[in-house]
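# Residue-level structure breakdown
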Amino acid sequence: MTYDSEDVQKILQIALTRKQEGEFSREQLLEMASELGISSNILETTVQNWLAQQEEERLRHKFNSFRRKGFWKHFVSFLAVNLFLILLNLITSPSYFWAIFPVLGWGLGLFFHWWSVFQTKSEDYEIAFQKWRAQI
């Protein structure tokens, strides 16, 4: 039976998880790599790439949380102000529902804010992330 590299990776990952439910030392990692025929240079490069990827994921998670928090503040202010306007409208002039105009206008802006926050696979998202990353 033969295995492709993806299968080998999955099998070894499962075996390592079952073998030791803890952490591995750097020496153990180097030993495993040498047993698999992986040079220390390749391993070091891979570790550095993995660390950079982990940092990137952490920053993206932090950025997404920051943007979502801003959206929810916007949403709460939308609800508070527009509920007040609807109540004011019903008290002052119940025959003409003028509060629909600010609700629809602001609602459209809120929709586009929601779209920009939760659409994370666009070029605009990447631009916003890079700007935010430069500021921190």
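Residues numbered from 1 in each chain as written. Predicted model: local features only at pLDDT ≥ 70, side-chain atom pairs only at ≥ 80, totals over all residues. Heavy atoms only, no water.

### Examining the pattern of salt bridges
The tally for this structure, following the rule as stated, stands at six salt bridges. Between E55 and R58 there is a salt bridge; the shortest N-O distance is 2.7 Å. Taken together, the residues E55 and R58, both in helix α3 (residues 40–92) and three residues apart, mark about one turn of the helix. Classification of R58 as partly exposed rests on a relative accessible area of 44%. Between R60 and E56 there is a salt bridge; the shortest N-O distance is 3.1 Å. Here R60 and its partner E56 are both found in helix α3, four residues apart, which amounts to about one turn of the helix. Where salt bridges share partners, they join E56, R60, E126 and R133 into one cluster. (Salt bridge = Lys/Arg side-chain N within 4 Å of Asp/Glu carboxyl O. Helix = DSSP H or I, 4+ residues; strand = E, 2+ residues; numbered from the N terminus. Buried < 20%, exposed > 50% of the residue type's maximum accessible area, 1.4 Å probe, protein only.)

### Quick word on the confidence of the model for the chain
A residue-level look at the chain finds 96% of positions with pLDDT of 70 or above and a mean pLDDT of 89. The secondary structure element of the chain with the lowest average pLDDT is helix α1 (residues 5–19), at 76, and the one with the highest is helix α4 (residues 100–118), at 96. (pLDDT = per-residue confidence, 0-100.)

### Focus: the packing of α3 against α4
In contact at an axis separation of 10 Å, α3 and α4 are set at 170° when each is read in the N-to-C sense. Taken as axis vectors, α3 and α4 run roughly antiparallel relative to one another. Note on element contacts: α4 touches α3 through P102, V103, W106, G107, G109, L110, H113, W114, S116, V117 and F118, opposite R67, R68, G70, F71, H74, F75, S77, F78, V81, N82, L85 and I86. Of the residues assigned to the contact of α3 with α4, the class counts are 13 nonpolar, eight polar and two charged. (Axes fitted to C-alpha atoms, helices over the stretch in contact; angles between N-to-C directions. Parallel < 35°, antiparallel > 145°, perpendicular 65-115°, else oblique. Contact = heavy atoms within 4.5 Å. Nonpolar A, V, L, I, M, F, W, Y, C, P; charged D, E, K, R; others polar.)

### With respect to the layout of surface pockets
A water-sized probe, rolled over the atoms, reveals where empty space remains. Considered as a void within the structure, the largest pocket measures approximately 950 Å³ in volume. What lines the largest pocket is a set of 21 residues, and nearest its centre among them are Q9, L16, L29, L43 and T46. When contributions to the lining of the largest pocket are tallied by element, the ones reaching two or more residues are α1, α2 (26–35) and α3. Examining the composition of the lining of the largest pocket, we find that eight residues originate from one element, α1, more than from any other. The residue inventory of the lining of the largest pocket, partitioned by class, reads 15 nonpolar, five polar and one charged. (1 Å grid on protein atoms, 1.4 Å probe; cavity = no way out; pocket = protein on both sides within 12 Å on 5 of 7 lines; lining within 4 Å. Points joined across faces, edges and corners; volume = space filled by probe spheres on them.)

### Thoughts on the environment of G107
Structurally, the position occupied by G107 is in helix α4. Taking the C-alpha atoms as reference points, G107 and R133, separated by 26 residues in sequence, lie 29 Å from one another.

### A look at the environment of L79
Checked against the element boundaries, L79 lands in helix α3. Here the alpha-carbon distance between L79 and G107, two residues 28 residues apart in the chain, equals 9.7 Å.

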